[in-house]
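# Commentary on secondary and tertiary structure
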Protein chains: 2
Amino acid sequence: MKDLNSPSLLADQVVAALRSVIGQKAAVLHEPSFSGNEWLYLKECLDSTFVSSVGKFVDRFEADLVAYTGARYVVAVVNGTAALHIALKLAGVKAEDEVLIPALTFIATANAVTYCGATPHFVDSEERTLGVDAVKLRDYLEQHTEQRAGQCINRTTGRVIRAFVPMHTFGHPVDLDGVMAVAHDFNLALVEDAAESLGSYYQGRHTGTFGLMGTLSFNGNKTITTGGGGAILTDDEELARHAKHVTTTAKLPHAWEYRHDEIGYNYRMPNINAALGCAQLEQLPTMLAAKRELFQRYQAAFATVSGIRLMVEPAQCQSNNWLQTLVLEHEQANQRDALLKVTNDSGIMTRPAWILMHELAPFQECPRMDLAGAQSLVQRLINIPSSSSLLQVVS
Amino acid sequence: MKDLNSPSLLADQVVAALRSVIGQKAAVLHEPSFSGNEWLYLKECLDSTFVSSVGKFVDRFEADLVAYTGARYVVAVVNGTAALHIALKLAGVKAEDEVLIPALTFIATANAVTYCGATPHFVDSEERTLGVDAVKLRDYLEQHTEQRAGQCINRTTGRVIRAFVPMHTFGHPVDLDGVMAVAHDFNLALVEDAAESLGSYYQGRHTGTFGLMGTLSFNGNKTITTGGGGAILTDDEELARHAKHVTTTAKLPHAWEYRHDEIGYNYRMPNINAALGCAQLEQLPTMLAAKRELFQRYQAAFATVSGIRLMVEPAQCQSNNWLQTLVLEHEQANQRDALLKVTNDSGIMTRPAWILMHELAPFQECPRMDLAGAQSLVQRLINIPSSSSLLQVVS
Ligand SMILES: Cc1ncc(COP(=O)(O)O)c(C=O)c1O
Ligand SMILES: Cc1ncc(COP(=O)(O)O)c(C=O)c1O
């Protein structure tokens, strides 16, 4: 292992710091770990023959998520993208509307807006949380929108801005007080994209439970996985009922009749995936503890590396430490690609943040505010290996 | 067991005939059977930790489906509804288009059309196949459409009829010669909804491989299941590539960059569901044989019941016998609901065909041709227990 104090390139120091934590093996960014009842529940599910749309694991997974997150209702669905689609639809997002979302997010947030026939409207992000900058957004909305009949109208496009979808980036809670005040003051339906933040809390309350609805993802790269999966969280009984209804083809209950009363979706989570979810959720506290330990080791290792810092959870927040993130100082931003190359070449998977949404071909014409914060961040963020199982492999 | 020859109501005779085949136990309409490598592959998948978007079972399931169906390319997706959505989108279906689909189908066919922003246009069905009546449809199109610049224009609405989606009802192949000729002559993209017909052949060729694209479903009620799942079949390399691309968020391959070049979907099949699919597909020949045997037993049992017949596979076709279907004679149509009640009350699950699409609230205003054939059929069809495992439980 390299001596951290020897004069060396930033890249060498970063590789050395990473190796000091994760050892000499190759490491991916995030891999799931199945060390609980996964095996047992899958077998139980298979033996019951109820692997599909009917079965007790879906009900149980929803109940377990209610207990874990504190949301009053949870509807399990096929993935986080579907959860967002339906949450936006039930929030009233219609064709020709606009929806505020961060430019710094995974494309699913933007795609879900388009599935409703609406247009994403991109918002800047702040250094402290990596999430939307509520102060800057308020200022922007004051200048560029007006209220008409209780609706927020974009003065430039004339369209209704119907909803606002902040996202808890890499598990770090967004400035929810600021975000909720903006949603309230400008009459925007608040839907939290909590795909990355299962196990993250803002002032002691679970992310995804502050807005009208929140959405989770259980994709394979997330803290817990169901293979593919997602969920809608809400405290509103009628929204929950409706979400269940439209995600299960909007069929009315009947012994044999197939009557559907609106256009629905096949978005329900199969029972076999929920079986995996039940076991994974049992492991979540253990995994979160392991991920916090990993964070602390990285923090110690990077304390001596100048020009770069490890992202820490915002004040009054508890982050799930989903993806550990290095933040380059502004002067080092030009080193990002070299760092990515050196780390990946040496078997340590690292990744920059996503390309900002407004730079992607399908979204280049969408409305947006000044994105200086997100533009600066995206040049300086590097995700590093973050699996809960990483420390176990160090000898 | 009742004596079939004693004078009795039709309902008593039907129950007796069903009981003579399935025994005295309660029976559901269709349940999956896991008697092969399901468990082994699930375990292998879990142990590999690749349960989600990456993993060898998805590739293998696709390859196995290529081998089984004879389609040149197969793209596994999250369910049959998603398969239809993407097949229609790639067939060029756009907002304001119309798409011909049978009125007698499961709602997913119609929903998928609306996901493209298009309108379903309902077509009648014929007695012989339970699928679209190509002869009647040709006549209708001749009277109500005209060709303009190689497009089929609905004279009444002025809209383009872009595509045609016949469906192989309960596994029985539609009149593919008639259907293909209509699609060809009227410039309609042909997409086969083969959700119900895995293992069904028309003149020796697998259903779903005749159109530009075909779609399968592996929902829990289908012949084989992946929990939830579907697939797109096509012989067109570029369509297959594009289908894979848009069903996996349209991300361009890169070691770390997240660049997406169009609006995509999270429609990929998780690896854990594909693991189940690989094992189920190995069992398909055995299941099909068991289902054929069940058909033959039902046929013998119902030979002596007058006023009702068992649906048989159309000429030159091999049906997968997905759902066994009783067809009431016209004079007995008024007995359908009594039969449904008596059978369900005695623990034998039966079901009528779906309510016709144009009678459902979301589709009442959609264009349609005369639907006399479908209307008559829907009053006379009753699905009866059809699981491949049914005969094994008879003592
Ligand atoms: C911010 C964000 N939103 C939405 C999603 C979509 O979730 P899924 O992949 O389960 O569809 C993800 C994860 O992929 C995500 O990171
Ligand atoms: C005719 C038809 N089309 C489409 C589908 C949709 O398939 P899935 O349930 O997998 O979305 C089904 C099955 O449910 C079906 O029977």
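About the cut-offs
- Residues numbered from 1 in each chain as written.
- Chains lettered and ligands numbered in written order.
- Predicted model: local features only at pLDDT ≥ 70, side-chain atom pairs only at ≥ 80, totals over all residues.
- Heavy atoms only, no water.
- Helix = DSSP H or I, 4+ residues; strand = E, 2+ residues; numbered from the N terminus.
- Contact = heavy atoms within 4.5 Å.
- Areas by Shrake-Rupley, 256 points an atom, 1.4 Å probe, with all protein chains shown as cover.
- Lys, Arg positive; Asp, Glu negative; His and termini not counted.
- Charge placed at Lys NZ, Arg CZ, Asp CG, Glu CD.
- Least-squares fit on C-alpha atoms with pLDDT ≥ 70 in both.
- Buried area = accessible area lost by both parts, 1.4 Å probe.
- Salt bridge = Lys/Arg side-chain N within 4 Å of Asp/Glu carboxyl O.
- Polar contact = N/O pair within 3.5 Å; in protein donor to acceptor, adjacent residues only side chain to side chain.
- Pairing = 2+ DSSP bridges.

### Describing the overall build of chain A
- Looking only at helices and strands, chain A features eleven helices and 16 strands.
- Along the longest, intermediate and shortest principal axes, the C-alpha atoms of chain A span 75 × 60 × 35 Å.
- Taking as baseline every contact in chain A between residues at least 6 positions apart, the subset at least 24 positions apart corresponds to 71%.
- For chain A, the accessible area works out to roughly 14,000 Å², and carbon and sulfur atoms hold 52% of it.
- If the 32 positive side-chain charges of chain A are averaged to one point and the 42 negative ones to another, these points end up 3 Å apart.

### What about the relation of the copies chain B and chain A?
- For these two chains of identical sequence, chain B goes onto chain A by a turn of 180° and a shift of 0.0 Å along the axis, with RMSD 0.0 Å. When the rotation and shift are considered jointly, the pair of chain copies conforms to a two-fold rotation axis.
- An overlap of 100% is found between the interface residues of chain B and their copies at the interface of chain A, pointing to a shared contact surface.

### Concerning the interface of chain B and chain A
- Between chain B and chain A, the contact holds 57 residues from the first and 58 residues from the second.
- Each partner contributes to the roughly 4,800 Å² buried at the junction of chain B and chain A, and carbon and sulfur atoms together form 69% of this total.
- Three residues stand out in chain B for area buried against chain A, namely Trp39, Trp256 and Tyr258 of chain B, and they jointly supply 17% of the buried area on that side.
- Between chain B and chain A we count zero salt bridges in total.
- On the surface where chain B and chain A come into contact, there are 17 residue pairs in polar contact (both at pLDDT 80 or more).
- Among the elements of the structure, α2 (38-48), α5 (107-115), α9 (271-302), α10 (336-345) and β15 (351-352) of chain B are those that each provide at least two residues to the side of chain B that touches chain A.

### Considering the sheet that holds strand β9 (residues 205-206) of chain B
Residues and elements named next belong to chain B.
- Reading across from one edge, β9-β8-β13 is the order of the three strands in this open sheet, with antiparallel pairing throughout. Looking at the sheet topology across the chains shown, the edges are occupied by β9 and β13 (317-318).
- Inspection of the sheet shows strand β8 (residues 201-202) paired to β9 by two bridges, in the antiparallel sense. Among the inter-strand pairings, Tyr201 is bridged to a residue of β9, identified as His206.

Purely geometric stuff here, so don't read any function into it on its own.
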